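If you want the building blocks of each chain, they are given just below.
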Amino acid sequence: QVQLVESGGGLVQVGDSPRLWCVASGRTGSIRRMAWFRQAPGKEREFVAAIGWSGGSTDYADSAKGRFIISRDNAKNTVYLQMNSLKPDDTAVYYCAAGSFIDRYNYWGQGTQVTVSS
């Protein structure tokens, strides 16, 4: 089992650049990739960014590309999401996910709320 705990969310203003982080515990040796998803009010959950746990290769959604940066610290079992120049449309619950497989994520955090106020 893997447990994921997100932190760093809160009320921010347009243009702010907060950083989210997610700490994994438990059987972290099974993690092959980690990712961030988000769910805005009234919308479906959407993919934001992913990173390979070993090699560090990254993948971004179009909405995140150029503004968000995903990174990881394997020694700390932590994945980060640096979010730059936030917009009101970025308001969502941000979820950390971990996967033992190439095609799906089997562990999820409970989410951290990011509210962007204008």
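Caption draft 1: Local environment of the packing of aromatic side chains. According to the stated counting rule, one finds four aromatic pairs in the structure shown. Ring centres of F37 and F47 lie 5.6 Å apart, and the angle between their planes is 75°; on these two criteria the pair is classed as edge-to-face. You can see F37 sitting in strand β4 (residues 33–39) and its partner F47 sitting in strand β5 (residues 46–52), a full ten residues away along the chain. For F37, a relative accessible area of 11% puts it in the buried group. Accessibility expressed as a relative area gives 24% for F47, which makes it partly exposed. A centroid spacing of 4.9 Å and a plane angle of 55° characterise the contact between F37 and W108, whose relative ring orientation is tilted. Taken together, the residues span a long stretch of sequence, with F37 in strand β4 and W108 in strand β10 (residues 107–108) at a distance of 71 residues.

Caption draft 2: Quick peek at the side chain of T112. Residue placement: T112 occurs in strand β11 (residues 112–117). Side-chain polar atoms of T112 contact the backbone nitrogen of G9, separated by 3.2 Å. Sequence-distant contacts of T112, defined by excluding residues within four places in its chain, comprise E6, S7, G8, G9, L20, A92, V93 and Y94.

Caption draft 3: Here's a closer look at the state of the cysteines. Overall, the coordinates contain one disulfide when judged by the stated rule. At a sulfur-sulfur separation of 2.1 Å, the disulfide partner of C22 is C96. Because the torsion about its S-S bond is -80°, the bridge between C22 and C96 counts as left-handed. With C22 in strand β3 (residues 19–26) and C96 in strand β9 (residues 92–99), the pair connects residues that are 74 residues apart, well separated along the chain. For the pair C22 and C96, a shared accessibility class is recorded, and that class is buried.

About the cut-offs
Residues numbered from 1 in each chain as written. Predicted model: local features only at pLDDT ≥ 70, side-chain atom pairs only at ≥ 80, totals over all residues. Heavy atoms only, no water. Phe/Tyr/Trp six-rings, centres within 6.5 Å; stacked < 30°, edge-to-face > 60°. Helix = DSSP H or I, 4+ residues; strand = E, 2+ residues; numbered from the N terminus. Buried < 20%, exposed > 50% of the residue type's maximum accessible area, 1.4 Å probe, protein only. Polar contact = N/O pair within 3.5 Å; in protein donor to acceptor, adjacent residues only side chain to side chain. Contact = heavy atoms within 4.5 Å. Disulfide = S-S within 2.5 Å.

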